[in-house]
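The chain contents come next:
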Amino acid sequence: MSEINNINDKKKVLLTGGAGYIGSHVAVELLESGFDIVIADDFSNSSEESLMGIRKITGRDFPFYNIDICDKLSLYDLFEREQIDVVIHLAGYKAVDEAIKSPLKYYQNNIVATITLLEVMDAHEVRKIILSSSANVYGESNVIPVTEECETGRCVNPYGRTKWVQEEMLKDVFTADNRWNVVLLRYFNPAGAHESGLIGERYSKSPSNIVPSLALAANGDIPYFKVLGANYNTLDGTGVRDYIHISDLSSGHVAAIEKLFGKPEVSIYNLGTGHGYSVFEMLGTFEKISGREITYKIEMARKGDIAELYACCNKISEELGWSAKLGLEDICESAWKWHKNYINSNE
């Protein structure tokens, strides 16, 4: 049997940032698809409870390394101990507003860490990598829905620029050494939680993402939901985004691994649903699912936010046979279940 037809047979995948929101869901998807995994995370934006949730959902164990991947010696030791076949690089900071206030923190963590990772991978002849990238690399695109061929680099915030630099870095690495096989996954707006309610996004009472903010407002944990900008050139004046269920996003990574065992190249895919939804549409859906009226106030738009951005997902559908299966109601239902579990466990 060829390698590509048996890619999950004893293949071991390293997840950097694997205890985080996206990483924990990708870990579940990989384990349930038959892969072995190793997780490296320093808990700077995650929790050990996520690891417990992964194990409980899947009934499988895995090695965990509590390390910062900027620490080259610790990362080198991991590669010496584990026979890694594939790396999914998820570690990184991702809050747009924080990036605007602390750009050097983001450049250090998102770019320097990636350089360290690539150096250690190369030293161990591991040259298969999936990068957790972002639709932020498109900036304020003139083309909607956004295709993978659209111009990148016109980023409107430091977070987006760090992702763009990571992408360009990996393209340059491949140009210099075509033994590498690279997949760039451009996430749109991951939301929701695992259907079990055991893992989800961890957040404070002032989160930067829309769904946690809606859950907090619906549950009465904050006095109101902030609508950040209502004067955009959209149907109802609020920003339009492509919200993709975290479980759909995670299954996209499993589909992408197949590309890494084919011809070495740089492959780029949007991970979205292909549909845009406004803030008010999301608010209305969350009210319906929670059965609660959500008080909201319209405030100034955040610097660095754009009016409308959603994906064209034809390429990943045609080449990898992947498409999103879940919608807004699924996102809100899973997020609401997770929020009630999460809040109760932290009281």
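What counts, and where the lines are drawn
- Residues numbered from 1 in each chain as written.
- Predicted model: local features only at pLDDT ≥ 70, side-chain atom pairs only at ≥ 80, totals over all residues.
- Heavy atoms only, no water.
- Core = buried A, V, L, I, M, F, W, Y, C linked by side-chain atoms within 4.5 Å.
- Buried < 20%, exposed > 50% of the residue type's maximum accessible area, 1.4 Å probe, protein only.
- Contact = heavy atoms within 4.5 Å.
- Helix = DSSP H or I, 4+ residues; strand = E, 2+ residues; numbered from the N terminus.
- Salt bridge = Lys/Arg side-chain N within 4 Å of Asp/Glu carboxyl O.
- Expected span 1.5 Å × (residues − 1).
- Pairing = 2+ DSSP bridges.
- Axes fitted to C-alpha atoms, helices over the stretch in contact; angles between N-to-C directions.
- Left-handed = near helix turned anticlockwise from the far one by under 90°.
- Nonpolar A, V, L, I, M, F, W, Y, C, P; charged D, E, K, R; others polar.

**Q** Can you walk me through the nonpolar core in this structure?
**A** Proteins that are soluble and globular tend to have nonpolar side chains buried together. Core analysis: the biggest nonpolar cluster contains 49 residues, and L15, L30 and I88 have the highest contact counts within it. Each residue touching L30, except ones within four places of it in the same chain, is listed here: V13, L15, F35, I37, I88, V254 and I257.

**Q** Whenever I open this one, unusual backbone geometry confuses me. Can you help?
**A** For residues besides glycine, phi is generally negative; the peptide bonds are generally trans as well. Each neighbour pair has its own omega, and for I144 with P145 the value is 0°, a cis peptide bond. The phi angle at F43 is positive, at roughly 60°, despite the residue not being glycine. As for its position among the elements, F43 is in the loop between β2 (36-40) and α2 (48-58). Not every positive phi belongs to a glycine, and E125 is a case in point at roughly 55°. Tracing the sequence through the fold places E125 in the loop between α5 (103-123) and β5 (128-134). Exposure remark for E125: the relative accessible area of 61% places this residue in the exposed category.

**Q** Teacher, can you tell me more about the pattern of salt bridges here?
**A** It is possible for side chains bearing opposite charge to pair when their charged atoms get close. This model, assessed by the stated rule, comprises 16 salt bridges. One salt bridge in this structure joins R202 and E49, with 3.2 Å as the shortest N-O distance. Placement of R202 in the loop between β7 (189-191) and α7 (210-218) and of E49 in helix α2 is noted, with a sequence separation of 153 residues between them. On the basis of relative accessible area, E49 is assigned to the partly exposed category, the value being 39%. With a shortest N-O distance of 3.9 Å, K94 and E201 are connected by a salt bridge.

**Q** Looking at this structure, I do not really get helix α8 (residues 246-260). What am I missing?
**A** Between the first and last C-alpha of α8 there are 22 Å, a value that for 15 residues agrees with the 21 Å anticipated at 1.5 Å per step. Where burial is concerned, most of α8 is hidden: 13 out of the 15 residues are buried.

**Q** Even after reading the chapter, I still don't get the sheet that holds strand β9 (residues 240-241), so can you show me in this structure?
**A** In sheet architecture, strand pairing relies on hydrogen bonds along the backbone and comes in two forms, parallel and antiparallel. If you walk across this open sheet you meet the three strands as β12-β9-β14, and the pairing is mixed. This sheet does not close on itself; its edge strands, each paired only once, are β12 (277-278) and β14 (308-309).

**Q** What exactly am I supposed to notice about the packing of helix α3 (residues 72-81) against α5 here?
**A** Two packed helices can be described by the angle between their axes and the distance between those axes. Relative to each other, α3 and α5 sit at 35°, their axes nearing to 10 Å. The hand of the α3/α5 crossing is right-handed. Residues K72, L75, Y76 and F79 of α3 form the contact with α5, whose own contacting residues are T116, L117, E119, V120, M121 and A123. The class makeup of the residues in the contact of α3 with α5 is seven nonpolar, one polar and two charged.

**Q** Help me understand the sheet that holds β5, please; the structure alone is not making it clear to me.
**A** Reading across the sheet, the seven strands line up as β3-β2-β1-β4-β5-β6-β11 and stay open at both edges, with parallel pairing between neighbours. In this open sheet, the two edge strands, each paired with only one partner strand, are β3 (64-65) and β11 (266-271). In this structure, strand β1 (residues 12-16) lies alongside β2, joined through five bridges in parallel fashion. Across the sheet, residue V13 finds its bridge partner in β2, namely I37. Against the sheet, helix α6 (residues 158-176) engages β4 (86-89), β5, β6 (181-187) and β11, with an angle of about 155° to β5.

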